Structure formats: structure tokens, C-alpha cells
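Structural features, examined
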Number of protein chains: 2
Amino acid sequence: LAMAEESSSPSVLLQFAPFQSAVDDGFWRRLSSLKLDTLGIDQSPIPITGFYAPCSNPQVSNYLTLLPESLPPEAGEEASVRGTLSLGNRNRCPVPGILYNTNTLESYRAIDKRSLLKAEAKKIWEEINSGKAEEDSAVLSRFLLISFADLKKWSFHYWFAFPALVLDPPATLVNLQPATQCFTLEEAESLSAACNKWRSSSLTADVPFFLVSIASDSNVAIRPLRDWAVCQGDGQKLLFGFYDPCNLPNNPGWPLRNFLALICARWNMEKVCFLCYREKHGFADLGLSLVGEALISVPQGRAAEIGKDPQYVPNAVGWELNIEKKMVSRRISLAQSMDPTRLAISAADLNLKLMRWRALPSLNLNSLSTIKCLLLGAGTLGCQVARMLMAWGVRKITLLDSGRVAMSNPLRQSLYTFDDCLNGGNMKSVAAVNSLKRIFPAVEAEGVVMAIPMPGHPVPPQAENSVLEDCRRLQDLIASHDVVFLLTDTRESRWLPTLLCANSNKIAITAALGFDSYVVMRHGAGPLTCSSDVKSEAEDALSSQIGNLSTAHVDERQRLGCYFCNDVVAPIDSTSNRTLDQQCTVTRPGLAPIASAIAVELLVGILHHPVGIHAPGENATTCSATGEQPLGILPHQIRGSLSQFNQMTLIGHSSNSCTACCSNVVSEYRRRGMDFVLQAINHPTYLENLTGLTELMKSMNTLDVDWDDESDENADDML
Amino acid sequence: LAMAEESSSPSVLLQFAPFQSAVDDGFWRRLSSLKLDTLGIDQSPIPITGFYAPCSNPQVSNYLTLLPESLPPEAGEEASVRGTLSLGNRNRCPVPGILYNTNTLESYRAIDKRSLLKAEAKKIWEEINSGKAEEDSAVLSRFLLISFADLKKWSFHYWFAFPALVLDPPATLVNLQPATQCFTLEEAESLSAACNKWRSSSLTADVPFFLVSIASDSNVAIRPLRDWAVCQGDGQKLLFGFYDPCNLPNNPGWPLRNFLALICARWNMEKVCFLCYREKHGFADLGLSLVGEALISVPQGRAAEIGKDPQYVPNAVGWELNIEKKMVSRRISLAQSMDPTRLAISAADLNLKLMRWRALPSLNLNSLSTIKCLLLGAGTLGCQVARMLMAWGVRKITLLDSGRVAMSNPLRQSLYTFDDCLNGGNMKSVAAVNSLKRIFPAVEAEGVVMAIPMPGHPVPPQAENSVLEDCRRLQDLIASHDVVFLLTDTRESRWLPTLLCANSNKIAITAALGFDSYVVMRHGAGPLTCSSDVKSEAEDALSSQIGNLSTAHVDERQRLGCYFCNDVVAPIDSTSNRTLDQQCTVTRPGLAPIASAIAVELLVGILHHPVGIHAPGENATTCSATGEQPLGILPHQIRGSLSQFNQMTLIGHSSNSCTACCSNVVSEYRRRGMDFVLQAINHPTYLENLTGLTELMKSMNTLDVDWDDESDENADDML
Ligand SMILES: [Zn+2]
Ligand SMILES: [Zn+2]
């Protein structure tokens, strides 16, 4: 070791190039989901890991980098995937850090930065004094990150600190020059070989602090810090080496600061020779690497004082300056760099995920985003139900309607505009899908142009095949969806879907409007679907506690009713002979949004109930007994009126004479299929005879409340 | 009169060219409004008037024309305007008609056309036999129109009949030739002069049947039918003349049929000479006019039989054939020919006008279409309230908001789409207005980009002027509107509008959302606006029957409360330190549509209440005493919850310590104006001191239900 002569200016202070934070966008994205999905309002500090490397490239000089994997793994994440990332890699020397992510901008601004920095300095100081830093030198370079993530705007306020213990008095520089000038050729070759071995071994590759011991025979060995004592004597020369992220010719990088503090505190040295290990093109480069000599003496009095005071912590500095050397918080917005559709998706998720922070931790967004909803009717109710579903995070929506958008529609049917009415009008189901995509491009919406075959609307023989085709198509559609909303404009168009839902045990929800009143109801489970083989485990678990569970296997009469269960006549043609005010949507405009909102909220309730479609009907009095769900009670029917501004929940059980959902009807449908459907369509009395309604009507005089459905009928001209 | 020799083929039947209906679009338009605005479901036959003219132009040959004025005047229409139209005009010879306009296509199709025609024939027959037809010959040409107006599609199904009594045996033609060939030059000149005099006199111009008497001196006189007896003898020759709408050379027009029936029945003639009076270029044209001779003898036996039977009515024909001579109904659609925006307007009206047919006859569409609504906030609530207002026929809507459309908005804020979020987002108030116009081009919507000054958000001195400017602007906006909806996202932003509404006695309606609950309320009348000079007459009239009327001049404490009346603290800055889930719209998606619908229904209720803003708060129990309005009860507050699916009405009276609406506060605002506002903004305790809340809080411990408003806050970065 050809030690250079002492510098002519021994009082020059040793100055260090600070770390610069470099945060990958992926870090912020992962932080966003961690916050949204897992942390919620929890503000506890989060252990994170930064990475740095010995200088290899002036562009990344002094970088302390945060990557997605800097954050702790989320629940369920593959530990092995992350494990591979932490294998020794000198370009990913881990730096332990801590993240304080606040819930509000105000609390971010109010953070006591001085105390936080001091706390980190204390950790470093304690680990120096306990000897831990000699065992695991990574802990010498801690860092601190405070942040506020404005998840709504994809904007992140943040500030890094790289705590460095301040030597008092500061270190002065005796000498600093390229390593090539400090070694004999032999020493240099041996040093290079030793360095390459250290940085290549998986055991030491990411250990950034080390001892460089040069034997008198010019043989160089690199050893861990804990070997300090072994390296003394025998004419060995000792350099304190570290991976230097800095590429400047006259300054070592930031890690040296705490290293000097350790050397000073643990080994009480006054003069320190150090090696700033740097690389070029992936190999040790002694021309770029520096060797320096510094004086770090602590006055005897103070050293004694420090020794006596266990609470002593050296001063620390390290809050990152901006490019203009100002102490300011930084802010990054990812919105610009993100694909707008992805932004829309994450914004949509945000609305819902925030519900889980406090208001509704049990919200099951997964079941909402995967469920397939079929909306029969794309009128006033259908448009609003589709909007509500999207707002709740439902992504798979099929709208079925046979009509075109008419001039009177856009004012009440919230997916259409004036342009949809021009040139005869676009098909509603197509226009609705386009509108949903304009609202939220990631929605998976489909439109089906089709009329629903209706009982009491007899079919001429030549039209039979086409009607049966429609029946089969509806059957397939219902089979391929999880939920069916009955939002058509006539009573009789709800019959076939009700039957098909009862047959296949699909969730069916009906909404219907009068002039100033509405009814929203969920249909009960199918009559033949609750045999023991399909009884779910959840149901078993709950059956005892719910007791009075309204499923068919308990008691047929306890099943919840469908839209037709209260009727004493079979559905017939209700559209003929209706005057214009009966044909059109003569309802108070406020009704449809209310009924649609309730219909969707009812679905969300069903999806969150442990037994789903089998959930018994609840109301304010029953629910206290059965235990309320987080979303509240799950009624069977909700009826309300705008003339009284009231709303009530009702429970109606299924009828054994129901023309749409009783076991007789469903069995007959299963046995005879389309023949049965065609007979019902052409001969309404057939249903009444089958179900015993004919007999019933003879024996009683029931007054049925008739709900005037909204209508949008296209009366054909047959003159 | 050089009478031609008898024809060589005397058994040729006389054949008549039927009337052709020609309906002006304006007739259908007027029928549409008559039906919508006046008739409703009333199907009574409507007397109408058709018009025809002597032939003047082959293009309009045989036209019986219906014009807008063919329909009876509507209530309030200027009778004089219509009076001028019925002045004698030979081009508008009136034909009495009757219109059967049905309510449904089915009943249109089911019309018993044979009976209707027979009934019209009977009228004609009776008026012939009573002599009335001789006095007013117009009644000889009656007509009948049956129709169904599909007002939703601007499509009209219709069918005309021009009842003609059938002679039995039919008339046979002896002779038919151009009039020029039948007269001497002298006779022809005299005839022309007489005709021109008849058709020019306002007394006779529109009398289409007349007698042509030719004296032996070739002098021609035209006389009314009642002069028949006078025209006998003295060597006079008599022709039966009529305005002939037909231009064919070999056929007289339709009016001659009933004329012959009259001649036969009243004057018992066997051989009839007739003159088909026709014109060309506006003058009598004897070359085009025809003179004919026909035999119309009735066998003696039958004539005696007819004379004995007072119920006898000749057979009649007359349902109009189409161009292919088929008996079919006609249909016309005006939709294609109308301006789309006009179509949209009429379609919008249709929805509402139909309500008046049966459901809500007292609906005041005029007050809705002229009222000016100011919506403070264009977020989830503002968008939906604007939609609901348009659906109710409100046309003047101003939206105020200071924000831009963010990615998370379109899924819940129903006026925005994904495109509105791109490139930083459009201003909400601007995007909302554009969206409203896309829905309904005739809406008069305006957007105001402005933030509402808020108490507890102190203003630095340099910003004072701009904040005061905003205050004055808000003041002007409220002054120029009739209704103010408070739909902002913070409690404190509702304070200044509440005060300004209380000051100027404007209808104010607040909607606010919690996580799964909502409140909608109307604010009471202003505290200083009910002095006797503004007390309306309606109020006087009702005050006795309502009794407990909650207006200030009865009792200050009976005034209905505002949004702040229950508070025991002044509004302060509530946006700072809110976590993301508190800042954002963390509400169940169903809430906003429900609350918005209720807010607008509440407004409609106020507008229909006899005392409007002074209407006392009603609920299901109170209203039975005061008498329910057609729209139902008019509550003060409606609160509801989605977790219980319930909804209730509440009444809260105004507080003398209210920081926004008590007389202290309003008086102080009137006295000190903007100074007062600024002090309230900068020093929240000022309001508490002024209203005595400070004292109140010391003496009591009230727990206030805090409604978490929806928020869409833009937190500024001040680091
Ligand atoms: Zn049923
Ligand atoms: Zn108040």
C-alpha cells in the first residue's frame, strides 16, 4: 500500500454525497392497493426495504431505490416469489426503512420530522453500540419515508430521510484519491480479485460494509466487520471498505457517514483509511473507486461523557433536499402516466374499497365484480338498475329489450340521449350498452334484442318456431347468469322469466311501479332445488341458528313468494285496450330511481347473506331475533309510496297455486319443456287449471292489489 | 235554355266522384294538444268542420279538407280569431262533421262503422224531412271521422266517411254535358253574372246548394233552396245548382247525392236538371261546369211506405276507399316531418300531460316549466336532482360547482361520462349542462364555476375581495332563481345559501347522505318575510282552515327549521383532517338516487300546495286533519335508511338560535351585508355568540346526529 503523503490542507472537512430517493411507480401502486385493500385507516408505521448498489453508472449515482417488493407482502401473496428477490445481489443491497403513511394531508404535514429522524438515528446508534451493526452491516444505512397517498387522484406526497449520525467534531479529510494511485500493481490485482469474490458470493454479495486487510505480502483479503480484531497486527494494513453508490471523484457516498460513526464508537480510531468501492460496466473499477484517509477523533472528555450517558444519541441529519437544495416535500402524480381506462377502473374500485375501511369491512367486492346480472327490460328501471349495479362494482351486465329509444325516453331512462332517438331510434339494449361503456369503459356489458314470450298472447302457428326460439334463448340467458332483474313493463312478461328462475334457482328481483307507489321484491328459492344434495354447507351451519329458515326443504309454504304468488288469476294480455296514459310511463318521475336503487341494494344484501337466495325474509321486528347482517336487514318485499313518503318491508310466502313458481308448474315445465310453455302462452286457463286457481277462484273472493307496470308498448298496426 | 235531347241510353246510372279527405298536419297537431291538455281519457264525439270548394284546380279535385280550425276552440282561445275564419268564403264551404277519437288502437279497430254511418245518414235524412236542409244547405254534406292518435309516436290512425243517402232505385242519367252547350249566349252570360254575385256575397258565398231559375227572358237568378216554391211556374226553368268539387267531365261530385235525395223527398220530382258549378282560375267556368238531367223516380208503393214509417232511413254509403279502392284505415306519421327538437319537446310534455288524464288532474305543468332552479353542487346529488327536475318538466336549471370531473365520478354522478374525465377533467358545471342538453336539447341550463364561501374557512386578506365577489354572485344567483337545492358536500358550504334563502324567502331544499342513511328537508320560510304586506291572499284564504299554519306571522317558533336549526355549534371547517374514506363519497350507491328523487318530489309538492313555501310540515298523522293534497302529504323532513329499508317523515321547527336562519342572523346580514358574512367566515365563534349558542352550549349537553355529507374535496397542497 503506497500511502500518499498527508494532504497540505488537513482541516478540509470530509463531505458526503447524500442518497437520492428513486421510487418506482410500482411502489406507489402497491402502496395504494395495500392501503385500500389491507390497511384501511390503520396508520401504523410499515417496515419497508430500500435498495442500493455500488456505483455502476453516473445516471443512477447515489440512488436509494424503492421497488414494488420494498413493501411487505400482502396476505396471500406468494412468499417464495418475494424470497427469490432477496437472494444476495450486490445491485440490491437492502436498506431497512420505515414508512409513515398518513390518512390525511393535514396529518402528513403535521408529522414531527425531527423526532422521527431522531428515532431512526437512535436505532442506528443502539445497533452500533450493541455490536449488531458489526454482525449485519445493512442496518447502518437506515431510511425513513413519510407519505400521504391521495388515492383518489393517484397523487403521492412524500419525503425521504436518510439518517446520518453527525460526528462531533466532524471528520476531516487527510487525503482522497483514486484507488489506482494508492496501491502497488500487485496489491491492486489482489484487491480486485478479493472484491470480485466478495461481490460474487451469495453470502456476501449484498453486504455493503467490509474490512479490507492488506498483508505485508501484498495479499488482500476482504472480511466481515466482525473480524476487526483478527485484522489487527501482523503488519496488516486495514481499510474500511463499503459499496459506494456515489460516482463523484472528490466525495464518498452517504453510507460512509454511519460507518465512520461505528468505527469511531466501536474501535475508537482517530485516523481511518477507507475504500469507496465502485464499479464500472459491472466490474470493480479501482480508477473510479477512492481511497481516503480521515481524522475522526472525539475529545476525551466528550467520549467519557457519552460513555456514561446511556440515553445519548448523536445528532442526525438526512431529510432529503430537492434538486434546488430546498427542504420541501415531494409530490408525484401517476395519473398522467396511467392508461385512462386503468385509471377509471382503479377510481371505480376506490369508491368501493374505501367503504371497507370503516363503514363496511365485510363488503365482498369479489362477488360483486364476478356476478353476472341479466336485466330484462332497458327502460326507466333497467337503465337505473344498470347504473346502480356498476356503482356497486358489478362488471358483467346483460340488458335485454326489444324496443327502440323513443323521443319520450331520455328524460326518464337515464342511459339514453336525444341522439339515440333520431332516425327512428337505436335499439334500446344496444344504446344502453354503449352508454354503459361511455360511463365505464371496462364494463362487460352486452345487449340482447329480444321480446319475452308472454302467456295470454297467443301465437299463430307460423310464429310458433320463432317464439319457441325466444323461449330457449331466454332459458340459456338465465342459465348463464347469476341474477335476473325483472324490469319489464307488463305483468305477463315477467311470468316466463319467473318460472325459469324458479326452475334453475337463480336470484330473481322484481321492481314494479304504480303512479306514486312501487314494489321491489326478491323471489324465493326454486321449489325443486333444495333437495339435500344441493343443500350448501353454509346453510347447514346456519340452519339451526336461523331456525325458521324459509327454504323448501323445511316447508314448502315457508319459501318466499314470487311476483305471482299472490295472484289468483294467471297472467294474461294486459297491453291491449290500454289508453295512452296507461300505455306510457305515467308514474311520478321519482319512483323509478328509488325502486331501482332498492332493487340493487337488495341484491347486494342477498350476495352478502351467508345463505344467499335462501335467506329468510327479514323486517325490523324479525331481524333482531336472527341477528342483523352488516348491510342491515334483508327484506323480502319493500313497498313504498311517494304520496306518503313512506316505505315498508313485507314478507310473503310462496303459494302452492302460483302460476309461475309452484312445484306443480316447475315440475310440469321440466317434464314437458317447450310444449308446456307454448300451451301456457296460448291458453291462459291452462295455468289456472294446472295450479288449482280455477277451483280457488270459485271458492273465494280475494281482492288483488294491481300494480300498474310501466309500459313502453309498441302496438302493431294490423288494420 | 237549349235543353239537349234525351240521351240514347237512358238506363245509364248516374255515378258520383267521392270526396277525398285531405288533412292538414296542423289538424293532427291541434288534435294532439286537445287530447293531451283538455280531453284526457274523454272519448265523447267531437263536432268538427270540414271545408270544400267548387272545383278550381284538378290537383285538389273532390277535396274535403280539415284544417287546424276544423277542431273546436280550446278553452281560452280567442273566439274572434276563429270567427274571422268562418266568414263566407266559397273556398271554405263548411261541412259539419263528427270526430270519434278513441283512446286505444283496439277500440279504434272495434268501432261499429256501419252504425256510425247510419247515424249520420239519419241526421241528414231528418234534416231533409224537417226542412232544415232547405234553410241551411250545408247540413246536406255531413262527414264522419274516426281516429286513434298515438301521441307517443306522433302517428294517427284514421278513416273518413262521407255519408251519402242511396236512392232506390238509383238515379239514371238522361244527359250530361258541359254547361256551355246547354245555354244560349244570353243565358250563359246572365248565369255567369248570377253565379259570380252569389259566390261573392258574404251572405251566400259559402252556401253550396242553390236554385238556378232561368226566366223566359233568359234572365238568370240564383236563389236559396227555400225559394223553391217561388220558382215554380211563369215559364221559369229550374236547375238545381251546387258547388261541385269534382273536375271530371262525366261525373258530378259527391254533394249531388244527398241533394238528389232532398229533391226527391221534398219535391217529389222525377226528372231533375242540375248544374255542377265549377270554377277555373277563380271564376265561374261554364265549359268545366256541367248540366245534367237525371231520373230519380221512387215507385209509388215504396214512397207511401216510407211516408208511413217515421223510423225509415235510406241506406247510406261513404266510407272512404284508399287509392287502390280498398276499404282500409289510413295512418299518417308526423314524426318524420317534425323537427327532432320539437318532437323531443312534445314527447317530454306527453309524459307529464298524460298524468293529468287520470292520475293527477291538478298537475300544474306551467309552474314547473317556468320555475327557475339553482342547484348548488353538481355531484352525485346534483346530477340526479337535475335529471329528476327535467323529468318533471322543469326547464330552467342552473348548476353551480367549482370542481372538475374526476375518474371516480361517472359511476355515481349520472351526468358524466369517461370522456369528461380525460385531460384533467372538464368543469363539472359545464359538463353537466352539456349532458342535460344532450338528454333534452330544449332545456335552458346554465353552469356556474364557483366555490361557495364557507364559515370557518378563514380568508387571507389578499383573497377577501375575491371571496366577497363570490358572496355577491351567490346572492344574485339566489335572487334570480325561485328554488335553491343545497347539494354540496360539506355542512359549512350550506350555511351562506341557507342564510341567503332565508333572507329572500326562497324555497330551499337540502339533501344530505350518510353511509346508509339520508335526510331530505325543505327549509321554512324566511323569518322576516312574512309581514302582513307580503301575506298572500291564498294564505289568508287558507289560514283559517289550516289553523296551525307554520308561518312567522303566527309564531316565530312555528316556522319550519332549516338544515342548521338543530345544531348547537356553528358550521366550521369539516374538510381538514378527513381520511380518504371520509373525503370521498363513501355512501351506499343507492342513497343518492333515492334522496335526489325525494328532494325533487318534495319541490313538486311545495309548488302544488296552496301556500307554497309557507305550507306547514305534514306527516301521515297530521295530514288527515288538514286535508291531503293531490300529490299526497308535504312533509318537512324525510329521513330514511338502507340498512332498515325504512323512511320516515319528521317535522322540525325553526330555532331562535339558528346560525343560518334565525331573525337575529338575517337582521344582522341585512344591516351589515358583506361585512357580516366576512366576519362569519373568518370567526366562527362570532355566529355562536350572535345567536346565543355559546350560552346554550354551556347549559346543555345535546347530542347532535351528524350527517356525513358526501364530499369531493380538492385538498390544496400548501407544502
Ligand atoms: Zn310464485
Ligand atoms: Zn335555521
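From a predicted model like this one, the values you see are computed outputs, not experimental measurements.

Cut-offs used in this document
Residues numbered from 1 in each chain as written. Chains lettered and ligands numbered in written order. Predicted model: local features only at pLDDT ≥ 70, side-chain atom pairs only at ≥ 80, totals over all residues. Heavy atoms only, no water. Pairing = 2+ DSSP bridges. Helix = DSSP H or I, 4+ residues; strand = E, 2+ residues; numbered from the N terminus. Axes fitted to C-alpha atoms, helices over the stretch in contact; angles between N-to-C directions. Contact = heavy atoms within 4.5 Å. Buried area = accessible area lost by both parts, 1.4 Å probe. Salt bridge = Lys/Arg side-chain N within 4 Å of Asp/Glu carboxyl O. Polar contact = N/O pair within 3.5 Å; in protein donor to acceptor, adjacent residues only side chain to side chain. Donors = N, O, S within 2.8 Å, 3.2 Å for Na, K, Ca; no water. Tetrahedral: all angles 85-135°; square planar, octahedral: opposite > 155°, others 65-115°. Buried < 20%, exposed > 50% of the residue type's maximum accessible area, 1.4 Å probe, protein only. Least-squares fit on C-alpha atoms with pLDDT ≥ 70 in both. pLDDT = per-residue confidence, 0-100. Domains from an automatic or database assignment.

**Considering the sheet that holds strand β14 (residues 290–295) of chain B**
All names here are of chain B.
- If you trace the six strands from one edge of the open sheet to the other, you get β7-β14-β11-β10-β8-β9, paired in mixed fashion. Where the open sheet ends on each side, the last strands, each with one partner, are β7 (172–178) and β9 (220–223). With direction set aside, neighbouring strand axes in the sheet form an average angle of 25°.
- Sheet strands touched by helix α6 (residues 185–200): β8 (209–214), β9, β10 (237–243) and β11 (271–277). Its angle to β9, the strand with the most contacts, is close to 30°.
- Set on the sheet, helix α7 (residues 255–267) makes contact with β8, β10 and β11; between it and β10 the angle comes to about 145°.

**Re the interface of chain B and chain A**
- On the side of chain A, 97 residues touch chain B, which itself brings 96 residues to the contact.
- Surface buried jointly by chain B and chain A totals about 8,400 Å² across both partners, of which 62% is contributed by carbon and sulfur atoms.
- Here chain B and chain A share two salt bridges between them.
- Measuring nitrogen to oxygen at the nearest pair gives 2.8 Å for the salt bridge that ties A:Arg588 to B:Glu601.
- In this structure, the connection of chain B to chain A is made through 16 residue pairs in polar contact (both at pLDDT 80 or more).
- Those elements that provide at least two residues to the side of chain B that touches chain A are α3 (105–109), β5 (143–150), α9 (340–357), α11 (380–391), α12 (428–439), α16 (580–583), α17 (591–608) and β24 (646–650) of chain B.

**Some remarks on the coordination of the zinc ion (ligand 2)**
Residues and elements named next belong to chain B.
- For the zinc ion (ligand 2), the protein coordination sphere consists of Cys562 (SG), Cys565 (SG), Cys658 (SG) and Cys661 (SG), at 2.2 to 2.3 Å.
- Each of the four donor atoms around the zinc ion (ligand 2) contributes to a set of angles spanning 98 to 120°, which defines the coordination as tetrahedral.
- All donors of the zinc ion (ligand 2) come from a single chain, and their spacing in sequence reads C-x2-C-x92-C-x2-C.
- Its relative accessible area of 3% is what places Cys661 among the buried residues.

**Quick notes on the pattern of salt bridges**
- The tally for this structure, following the rule as stated, stands at 37 salt bridges over all chains.
- The residue A:Glu135 makes a salt bridge to A:Arg226 at a minimum N-O spacing of 3.7 Å. Note that A:Glu135 is positioned in helix α5 (residues 132–135) and A:Arg226 in the loop between β9 (220–223) and β10 (237–243), a separation of 91 residues in sequence.
- The class of A:Glu135 is exposed, set by a relative accessible area of 53%.
- Classification of A:Arg226 by relative accessible area gives partly exposed; the value is 47%.
- When the shortest N-O distance is used, the salt bridge between B:Glu293 and B:Lys271 registers 3.1 Å. Separated by 22 residues along the polypeptide, B:Glu293 in strand β14 and B:Lys271 in strand β11 bring together distant segments of the chain.
- Residue B:Lys271 is classed as partly exposed on the basis of its relative accessible area of 35%.
- It is possible to trace a salt-bridge network through shared partners that takes in A:Asp37, A:Lys353 and A:Arg356.

**Some thoughts on the relation of the copies chain B and chain A**
- Under the fitted operation, chain B is carried onto chain A by 0.0 Å of movement along the axis and a turn of 180°, and the coordinates agree to an RMSD of 0.1 Å. Accordingly, the operation relating the two chain copies is best matched by a two-fold axis. Looking at the rotation axis and the C-alpha trace of chain B, the residue lying nearest is B:Ile594, at 2.4 Å.
- Of the interface residues in chain B, 99% have counterparts in chain A that sit at the interface too, so the contact is made through matching surfaces.

**Observations regarding the side chain of B:Ser21**
Residue and element names in this part refer to chain B.
- Summarising the element assignment, Ser21 is placed in strand β1 (residues 20–23).
- For Ser21, a relative accessible area of 12% gives the class buried.
- Only 2.7 Å separates the side chain of Ser21 from the side chain of Glu320, close enough to count as a polar contact.
- Apart from the residues lying within four places of it in its own chain, the contact partners of Ser21 are Leu64, Tyr158, Phe160, Phe162, Glu320 and Arg330.

**Description of the confidence of the model for chain A**
Residues and elements named next belong to chain A.
- Per-residue confidence for chain A gives a mean pLDDT of 84, with 85% of residues at or over 70.
- In this model residues 80–85 is a low-confidence stretch, pLDDT under 50, and it forms eight contacts with partners more than four residues away in sequence or in other chains.
- Below pLDDT 50 for its whole length, residues 700–719 participates in 62 contacts with residues either more than four positions away or in separate chains.
- For this predicted complex, the interface score ipTM comes out at 0.79, while the overall pTM is 0.79.

**A word on the domain arrangement of chain A**
- Parsing chain A into structural domains produces domain 1 (12–78 + 85–162), domain 2 (172–316) and domain 3 (371–525 + 558–619 + 631–697).
- Distance between the C-alpha centres of domain 1 of chain A and domain 3 of chain A: 55 Å.

**Section: the coordination of the zinc ion (ligand 1)**
- Bound to the zinc ion (ligand 1) are the protein donor atoms A:Cys562 (SG), A:Cys565 (SG), A:Cys658 (SG) and A:Cys661 (SG), situated 2.2 to 2.3 Å from the metal.
- One way to put it: the four donor atoms around the zinc ion (ligand 1) meet at angles of 97 to 121°, and that makes the site tetrahedral.

**Overview of the pairing of strand β3 (residues 63–66) of chain B**
All names here are of chain B.
- Alternating residues of β3 divide into Leu64 and Leu66, all buried, and Tyr63 and Thr65, none buried.
- Direction of pairing for β1 relative to β3: parallel, over a ladder of four bridges. By the bridge assignment, Ala22 is partnered in β3 with Thr65.

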